[in-house]
Amino acid sequence: MTKQLAIIMVLLMTVFIGFGIIIPVLPEMVTPFHLGIMLAVYSAASFLMSPVWGALSDRYGRRPIILIGILGFSLSFFLFGISSDSLFIMYLSRILGGFFSGAVMSCAVAYVADITSEEDRTKGMGLVGMSIGLGFIFGPAIGGLLSQFGYSIPFFASSVLALFTFIFALLYLTESFTLHKRNQPGVIKVSRWKAFAGSIKYLYILGFLVSFTLAGLEFTLYYFEKVKFGITPMDMGYMFLISGIVGALVQGGIVRRFIKKGDEQKVIPIGLILSALGFFLLLLSKDFLTASIYLSIFAVGNALLRPCITSLITQKTKVGQGVATGLSSSMDSLGRITGPLIASAAYSLNIHLPFIVGGIICFAAISLLYRFVSLDRKKKLSAAA
């Protein structure tokens with residue numbers, strides 16, 4: 001299990017390094033309008049496909065779907081690199097990227113759920129989050145450096161990295177959901193929306209809101225800080241580097257070592273409060289140092305939230321892990337569709353508004369957790385009676 005988990009961590013880290021490389025350069029290549037639409041179509045494709053990939057992995061196994069997703073990632077980055085300012089190719093690249101993204105993320109999470117017990121599930125998800133966080137540590141920093149040689153270079157670098165990741169997975173990634181497991185009587189194959197039922201639906205909505213607020217922040221932060229103190233793509237890369245290190249330390253340290261099964265419901269409100277605090281503090285940022293500190297506070301909150309929510313979903317689901325994590329990834333994508341669009345509209349009204357709205361939503365989302373806890377407790381009492 002340790003070896004399998006280590007391979008998944010390496011795989012996710014390299015995939016998200018490639019994903020993070022492009023973050024500092026995209027705002028320099030397209031207008032805010034097109035950036036918002038590109039983020040939306042990427043997430044829309046992921047929203048539609050993530051549950052499909054998850055269900056396919058329940059049927060055919062995690063490994064082949066993950067491999068397909070990584071190859072698709074490589075192709076999408078290459079297309080953007082050769083776009084030569086062609087908006088059509090740029091949009092095609094983003095659609096393909098979204099199409100294949102769910103194959104990697106939802107199936108990797110399902111893979112971890114396959115190889116961990118419920119007691120170790122949160123630790124496993126913490127390591128997943130740390131791997132993604134490490135990708136976002138190195139990715140934007142590398143992207144900022146590579147952008148000095150041309151804005152297309154980071155995309156070619158991402159494409160090549162994804163190709164090497166595919167070769168690595170082909171050689172070393174074994175199947176976690178074997179044919180024997182897939183044919184077990186207890187494995188239920190159902191529609192994604194069957195998973196969205198009962199008390200667990202509040203966890204999916206909570207996951208959507210976490211993604212929604214994060215996507216809004218990612219979209220508006222560059223433009224906001226450019227007004228505040230003239231941020232550059234290099235500055236943005238280093239800001240993500242700093243906040244990414246903080247987030248990775250939280251997920252690899254606090255979440256993995258100290259949060260046990262049953263603690264998730266206590267940790268999620270802390271994460272939401274810290275995320276809200278980060279939003280409000282960013283309004284006060286006046287230079288690179290203060291912006292990095294405030295973004296890091298937000299990163300701590302986000303680092304606590306994601307593994308705990310995902311762990312609870314995989315513990316409470318009554319359907320196949322592929323379907324459950326596919327729906328979770330789909331809700332994440334839905335947040336990434338709507339987040340930039342709403343944040344863009346709010347930013348056009350007032351540059352401070354996206355951060356105010358994000359902070360309020362994080363505070364309000366605490367009520368969803370308590371709704372989940374209340375219904376889950378009633379269900380247990382009813383079953384006991």
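Read on for a plain summary of the structure. It should be emphasised that the depicted structure is a prediction, and the values quoted were computed from it without experimental measurement.

**Things to note about the packing of helix 3 (residues 32-60) against helix 5 (residues 87-115)**
The angle between the axes and the distance between the axes are what describe a pair of packed helices. Running from N to C, helix 3 and helix 5 point in directions that differ by 35°, and their axes come no closer than 6 Å. Between helix 3 and helix 5 the crossing geometry is right-handed. Of the residues in the contact of helix 3 with helix 5, the class split is 15 nonpolar, 10 polar and 1 charged.

**Details of the packing of helix 4 (residues 62-81) against helix 5**
Interhelical geometry of helix 4 versus helix 5 gives an angle of 155° and a closest axis separation of 8 Å. If you check the angle between helix 4 and helix 5, you find them roughly antiparallel. Along this stretch, helix 4 crosses helix 5, giving a crossing that reads as left-handed. Across the contact of helix 4 with helix 5, the residue classes tally to 20 nonpolar, 6 polar and 3 charged.

**Overview of helix 13 (residues 288-316)**
One turn of an α-helix holds 3.6 residues; hence residues three or four places apart share an orientation. If you check helix 13, its first and last C-alpha atoms are 42 Å apart, about what 29 residues at 1.5 Å a residue would give, namely 42 Å. The opening residue of helix 13 is Asp 287, an N-cap whose side-chain oxygen sits 3.3 Å from the backbone nitrogen of Leu 289.

**Quick look at the side chain of Ser 159**
In this structure, Ser 159 sits in helix 7 (residues 153-172). Setting aside residues no more than four positions away along its own chain, Ser 159 makes contact with Ser 74, Phe 77 and Phe 78.

**So, the packing of aromatic side chains**
Going through the model one piece at a time under the given rule, you end up with 12 aromatic pairs. Consider the rings of Phe 78 and Phe 156, whose centres lie 5.9 Å apart with planes at 55°: the pair is tilted. Of this pair, Phe 78 sits in helix 4 while Phe 156 sits in helix 7; the two residues are 78 residues apart in sequence, bridging distant segments of the chain. A relative accessible area of 39% means that Phe 78 is categorised as partly exposed. The class for Phe 156 is partly exposed, based on a relative accessible area of 27%. Within the aromatic cluster, the residues linked to one another by ring pairs are Trp 53, Phe 99 and Phe 100.

What counts and what doesn't
- Residues numbered from 1 in each chain as written.
- Predicted model: local features only at pLDDT ≥ 70, side-chain atom pairs only at ≥ 80, totals over all residues.
- Heavy atoms only, no water.
- Axes fitted to C-alpha atoms, helices over the stretch in contact; angles between N-to-C directions.
- Helix = DSSP H or I, 4+ residues; strand = E, 2+ residues; numbered from the N terminus.
- Left-handed = near helix turned anticlockwise from the far one by under 90°.
- Nonpolar A, V, L, I, M, F, W, Y, C, P; charged D, E, K, R; others polar.
- Parallel < 35°, antiparallel > 145°, perpendicular 65-115°, else oblique.
- Expected span 1.5 Å × (residues − 1).
- Polar contact = N/O pair within 3.5 Å; in protein donor to acceptor, adjacent residues only side chain to side chain.
- Contact = heavy atoms within 4.5 Å.
- Phe/Tyr/Trp six-rings, centres within 6.5 Å; stacked < 30°, edge-to-face > 60°.
- Buried < 20%, exposed > 50% of the residue type's maximum accessible area, 1.4 Å probe, protein only.

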